[in-house]
Amino acid sequence: VTMYGTYWSSDCSRQKELFGVEAWSIMKYVECSPKGYGFQGPKICQDIKEYPTFKDKTGRVVNVRGERPLDFLAQQVRFSNFDPSSEEELPATECGTACKLPN
């Protein structure tokens, strides 16, 4: 599964947090903002219209505007190995990881 996103999107930041380390060992992330870390050029993101967007292993595009629960995403990208009982709930935020903590 590949996630297409941007560094400036709070939904993308939050979604990446929800996946955790285990998911990123089997997933790929593509940065679609020219100013973002690891940007590989506009061609790789030319068909992506909203963030985050996912492609399953067959290349099927799954647009999921906004942050979504992991079980929903697993179903949408046809990932059958997802075990919702192993997930811990993260506290709600209004601005994802883009927020700065007070000093």
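Each remark here, short or long, concerns the structure printed above.
Residues numbered from 1 in each chain as written. Predicted model: local features only at pLDDT ≥ 70, side-chain atom pairs only at ≥ 80, totals over all residues. Heavy atoms only, no water.

Trainee: Could you clarify how one ought to interpret the state of the cysteines in this entry?
Mentor: Think of a disulfide as a covalent bridge from one cysteine sulfur atom to another cysteine sulfur atom. In total, this model carries one disulfide according to the counting rule given. One disulfide bridge connects C32 with C45, the sulfur atoms lying 2.1 Å from each other. When the S-S torsion is -80 degrees, as for the bridge of C32 with C45, the disulfide is left-handed. One end of the pair, C32, is in the loop between β2 (28–31) and β3 (53–55); the other, C45, is in the loop between β2 and β3, with 13 residues separating them in the sequence. Here C12 is not disulfide-linked; the sulfur of C32 is the nearest cysteine sulfur, at 8.4 Å. (Disulfide = S-S within 2.5 Å. Helix = DSSP H or I, 4+ residues; strand = E, 2+ residues; numbered from the N terminus.)

Trainee: Could you clarify how one ought to interpret the packing of aromatic side chains in this entry?
Mentor: For any pair of aromatic rings, the description consists of the separation of the ring centres together with the inter-plane angle of the planes. Scanning the entire structure with this criterion turns up one aromatic pair. Centroid distance W8 to Y51: 6.1 Å. Interplanar angle 85 degrees. Geometry classified as edge-to-face. Separated by 43 residues along the polypeptide, W8 in the loop between β1 (2–5) and α1 (10–24) and Y51 in the loop between β2 and β3 bring together distant segments of the chain. Relative accessible area serves as the criterion here: at 52%, W8 is assigned to the exposed category. (Phe/Tyr/Trp six-rings, centres within 6.5 Å; stacked < 30°, edge-to-face > 60°. Buried < 20%, exposed > 50% of the residue type's maximum accessible area, 1.4 Å probe, protein only.)

Trainee: Got a minute to help me understand unusual backbone geometry in this structure?
Mentor: Excluding glycine, residues mostly carry a negative phi; peptide bonds, for their part, are mostly trans. With an omega dihedral of -10 degrees, the bond running from Y51 to P52 counts as a cis peptide bond. Mapped onto the elements, P52 comes out in the loop between β2 and β3.

Trainee: Any chance you could explain the pairing of β1 here in plain terms?
Mentor: Here is the key point about a regular strand: its side chains alternate between the two faces of the sheet. Here β1 shows a buried face lined by T2 and Y4 and a second buried face lined by M3 and G5. Here four bridges tie β1 to β2, and the two strands are oriented parallel to one another. Bridge pairing in β2 links G5 to E31. Once you follow β1 into α1 and on to β2, the crossover reads as right-handed. Relative to β3, β1 runs antiparallel, the two sharing three bridges. Within β3, the residue paired with T2 across the bridge is K55. (Pairing = 2+ DSSP bridges. Right-handed = clockwise from strand over helix to strand, strands pointing away.)

Trainee: What exactly am I supposed to notice about the environment of N63 here?
Mentor: As for its placement among the helices and strands, N63 is situated in strand β4 (residues 61–63). By relative accessible area, N63 is classed as partly exposed at 43%. In the structure, N63 is positioned eleven residues away from P52 in sequence and 7.0 Å away in space, judged by C-alpha atoms. For N63, the residues in contact, after removing those within four places along its chain, are E50 and T53. (Contact = heavy atoms within 4.5 Å.)

Trainee: For this particular structure, what's the right way to read the environment of P52?
Mentor: According to the relative accessible area criterion, P52 is buried, its value standing at 0%. As for P52 and R68, which are separated by 16 residues in sequence, their C-alpha atoms are 9.6 Å apart. Among residues more than four places away in sequence, those in contact with P52 are M3, Y4, D11, C12, V64, R65 and G66.

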